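Close look at the chain arrangement
So the chains spell out like this:
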Amino acid sequence: MSELQLLDGRQLQLIDLLYATGSVTRAADQLGQSQPTVSLWLARLREQLGDPLFVRTAQGMLPTPRTEALIGPVRSVLAGLRSIAEVPAAFDPATMQRRFRIFMTDASHITLLPRLFSHVRALAPGIALEAAAIHGGMAAELESGAADLALGFIPALDAGFYQQTLYDQDWVCLVHPDHPRIRPAAFGLEDYRREAHAGIVQGTGAALLDATVRRLQIERRVVLSIPGFLGLPAILSTTDLIATLPRHIGETLAVLGGLRVLPCPVPIPAFPVRQHWHARFHQDAGNRWLRGVCAELFLKAG
């Protein structure tokens, strides 16, 4: 069996233009070529397909039956090639209908999500957001497109993903504003060791805190452990416990619960809050728009 010789895009355009114009001269003009060059292309095409394709008559170059049979598939293929080469339409948030799924830490649900949703709602009423919990299968979902973005301190996504640091977080302590034993101006490591603590037991930030106090051999007497941040304002406003939190979530909860923010006396390393996305969607117009919104909102916050 002889090897199949495929026609290229230039040859398909020549068939289409000769069929439409009936003129080698006009076809050459539209192709931006000289008439002898186009005549040479036609001769090679006739040889390749084994048919005259177009015959010169008083009415111009008229197609043969073979060409009449070919013109439909030729134009269909050309339309497909043009579609492939076409620059995608610009992403218009004001008219777009789309759902974005974003992995977020539970702290980000409190500190980042309200501002992000309000901003998106004002600019893009047809866009919906879904906040998804951090989990071990995030990388695969970001790669497949089942999720669009991940926000927070997520070391598991540092390798193999695009990322942008939005701001860095240090640490603070929260206490009741009228704590019976703590004097804000003198709060130090001795108070930290002596007092009872409420501790967050989940998340990468909690792991960093626990690793630091173990390394420094600082005893932290945790008498209440909870999985997330939402209950802390109510707990601290009715007890004499101390909570150690990243600054952004700490200051936000302090406002919500009328709590006092104190500098953390333990040198816990600061950490970056980043947005992460997979390389497959680096040029996706919607993903780029969402990343730009996050940068606009939270780089300023940092």
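A short tour of the structure in this document, coming up. Everything numeric in this text was worked out from a predicted model, so none of it was measured. Position labels on residues start from 1 in each chain and follow its written sequence. Where local features are concerned, this predicted model is filtered to residues with pLDDT of at least 70; where side-chain atom pairs are given and counted, the filter is 80 or more; whole-chain, interface and lining totals use all residues. Side-chain measures were taken over the full set of non-hydrogen atoms in the model, leaving aside hydrogen atoms and water.

**A few points about the overall build of the protein**
Under the convention used in this document: Segments assigned H or I by DSSP are reported as helices when at least four residues long, segments assigned E as strands when at least two residues long, and all are numbered from the N terminus. Restricting the calculation to C-alpha atoms gives the radius of gyration, and the globule rule supplies 2.2 Å times the number of residues raised to the power 0.38. Working definition: with a 1.4 Å probe on protein chains only, accessible area under 20% of the residue-type maximum means buried, over 50% means exposed, and in between means partly exposed. The contact definition used throughout considers only heavy atoms, calling two residues in contact when any of these lie within 4.5 Å. The protein chains shown are the only cover counted for residues, whose accessible areas, like all others here, come from Shrake-Rupley with a 1.4 Å probe. For the charge count, each Lys or Arg is scored as positive and each Asp or Glu as negative, with His and the chain ends excluded. For charged residues, the charge sits on one atom: NZ in Lys, CZ in Arg, CG in Asp, CD in Glu.
Along the protein, the regular secondary structure elements total twelve helices and twelve strands. Computed over the C-alpha atoms, the radius of gyration of the protein is 33 Å, more than 25% above the 19 Å expected from 2.2 N^0.38 for a compact globule of 302 residues. Seen through its C-alpha atoms, the protein measures out along the principal axes to roughly 105 × 45 × 30 Å. For the protein, the residues scored as buried account for 43% of the 302 residues in total. When contacts within the protein are restricted to residue pairs at least 6 apart in sequence, those whose partners lie at least 24 apart make up 75%. Approximately 16,100 Å² of the protein is accessible, and the part contributed by carbon and sulfur atoms is 54%. On the protein, the mean spot of the 28 positive side-chain charges and the mean spot of the 27 negative ones are 2 Å from each other.

**Looking at the side chain of Ser 23**
Under the convention used in this document: Polar contact is the term for a pair of N or O atoms within 3.5 Å; when the atoms are in protein, one must be able to donate a hydrogen and the other to accept it, and sequence-neighboring residues count only if both atoms are side-chain atoms.
Note that Ser 23 resides in the loop between helix H1 (9-21) and helix H2 (24-31). Judged by relative accessible area, which is 13%, Ser 23 ranks as buried. Here Thr 25 takes part through its backbone nitrogen, which lies 3.2 Å from a polar atom of the side chain of Ser 23. A distance of 3.1 Å separates a polar atom in the side chain of Ser 23 from the backbone nitrogen of Arg 26. When residues no more than four places from it in sequence are discounted, the contact partners of Ser 23 are Leu 18 and Met 61.

**What to know about H2**
Let me state the cut-off plainly: Each direction from the helix axis to a C-beta atom contributes to the arc, which is the arc of those directions.
Considered for burial, the residues of H2 that qualify are Val 24, Ala 27, Ala 28 and Leu 31. End-on, the buried residues of H2 take up no more than an arc of 100°, which puts them together on one face. The exposed residues of H2 that point more than 90 degrees off its buried face are Asp 29 and Gln 30. On the buried face of H2, the contacting elements are H1, helix H3 (35-49) and strand S2 (60-63). The backbone nitrogen of Thr 25 has a side-chain oxygen 3.2 Å away, supplied by the residue at the start of H2, namely Ser 23. A positive backbone phi angle near 70° is found at Gly 32, which sits one or two residues after H2.

**Considerations on the packing of aromatic side chains**
Counted only if it meets this: Here the aromatic set is Phe, Tyr and Trp, taking the six-membered ring for Trp, and pairing holds for ring centres within 6.5 Å; pairs whose planes are under 30 degrees apart are stacked, those over 60 apart are edge-to-face, and all others are tilted.
Evaluated as defined, the whole model comprises five aromatic pairs. Arranged with centres 5.5 Å apart and planes meeting at 35°, the rings of Phe 91 and Trp 289 form a pair that is tilted. Of this pair, Phe 91 sits in the loop between helix H4 (65-85) and strand S3 (98-104) while Trp 289 sits in helix H12 (residues 285-301); the two residues are 198 residues apart in sequence, bridging distant segments of the chain. We note that Phe 91, like Trp 289, is buried. Ring geometry for Trp 171 against Phe 271: centres 5.8 Å apart, planes inclined by 65°, an arrangement best described as edge-to-face. Taken together, the residues Trp 171 in strand S7 (residues 171-175) and Phe 271 in strand S12 (residues 271-277) connect sequence positions 100 residues apart. Across this residue pair, the class does not change: Trp 171 and Phe 271 are buried. By way of ring pairs, the aromatic residues Phe 91, Phe 100 and Trp 289 are connected into one cluster.

**Re H4**
Residues three or four positions apart in an α-helix share a direction because the helix packs 3.6 residues into each turn. What counts here: Take the residue count of a helix, subtract one, and multiply by 1.5 Å to get its expected span. The seven residues ending at a residue and the seven starting there each receive a fitted axis; the angle between those axes is the bend at that residue.
Here H4 contains 21 residues, and its C-alpha end-to-end distance of 31 Å stays within 8% of the 30 Å for a straight helix at 1.5 Å per residue. Its axis deflected by about 35° at Ile 71, H4 carries its strongest bend there, up to four residues before the proline Pro 73. Taken together, the buried positions of H4 are Thr 67, Ile 71, Val 74 and Leu 78. Where H4 is buried, its residues meet H1, strand S1 (54-57) and S2.

**Here's the deal with the pattern of salt bridges**
Worth spelling out the cut-off: In the sections that follow, a salt bridge refers to a side-chain nitrogen of Lys or Arg positioned within 4 Å of a carboxyl oxygen of Asp or Glu.
A full pass over the atoms with the stated rule returns twelve salt bridges. A salt bridge links Asp 148 to Arg 98, with the nearest nitrogen and oxygen atoms 3.6 Å apart. With a gap of 50 residues between them, Asp 148 in the loop between helix H7 (138-144) and strand S5 (149-152) and Arg 98 in strand S3 connect regions that are remote in the sequence. In this structure, the salt-bridge partner of Arg 247 is Asp 170, at a minimum N-O distance of 2.7 Å. Within this pair, whereas Arg 247 is found in helix H11 (residues 247-257), its partner Asp 170 is found in the loop between strand S6 (162-169) and S7, the two being separated by 77 residues in sequence.

**What to know about the nonpolar core**
What counts here: Residue types Ala, Val, Leu, Ile, Met, Phe, Trp, Tyr and Cys, when buried and joined through side-chain atoms within 4.5 Å, form a set referred to as a nonpolar core.
With 39 residues, the main nonpolar core has Ile 102, Leu 116, Val 120, Ile 127, Leu 151, Trp 289 and Phe 298 as its most contacted residues. When sequence neighbours within four positions are dropped, the list of residues in contact with Ile 102 reads Leu 116, Leu 129, Glu 130, Ala 131, Ala 132, Leu 149, Leu 151 and Leu 290. Leu 12, Ala 28, Val 38 and Trp 41 belong to the second-largest nonpolar core, a separate cluster that totals 20 residues.

**Describing the sheet that holds strand S10 (residues 242-246)**
Our working rule: We call two strands paired when DSSP finds no fewer than two bridges between them. Note on geometry: axes are lines fitted to C-alpha atoms, helical ones only across the stretch in contact, with angles between N-to-C directions running from 0 to 180 degrees.
As summarised here, the arrangement of the five strands in space is S9-S8-S10-S7-S11, forming an open sheet in which the pairing is mixed. The sheet is open, and its two edges are formed by strand S9 (221-226) and strand S11 (260-263), each paired on a single side. Between one strand axis and the next, the sheet turns by 35° as a mean value, whatever way the strands run. Judged from the two bridges that link them, strand S8 (residues 196-200) and S10 form a sheet pairing that is parallel. Each residue of the ladder has a partner; that of His 197, found in S10, is Ile 242. H11 contacts S7, S10 and S11 of the sheet and is inclined by roughly 130° relative to S10.

Purely spatial values, then, with no claim about function.
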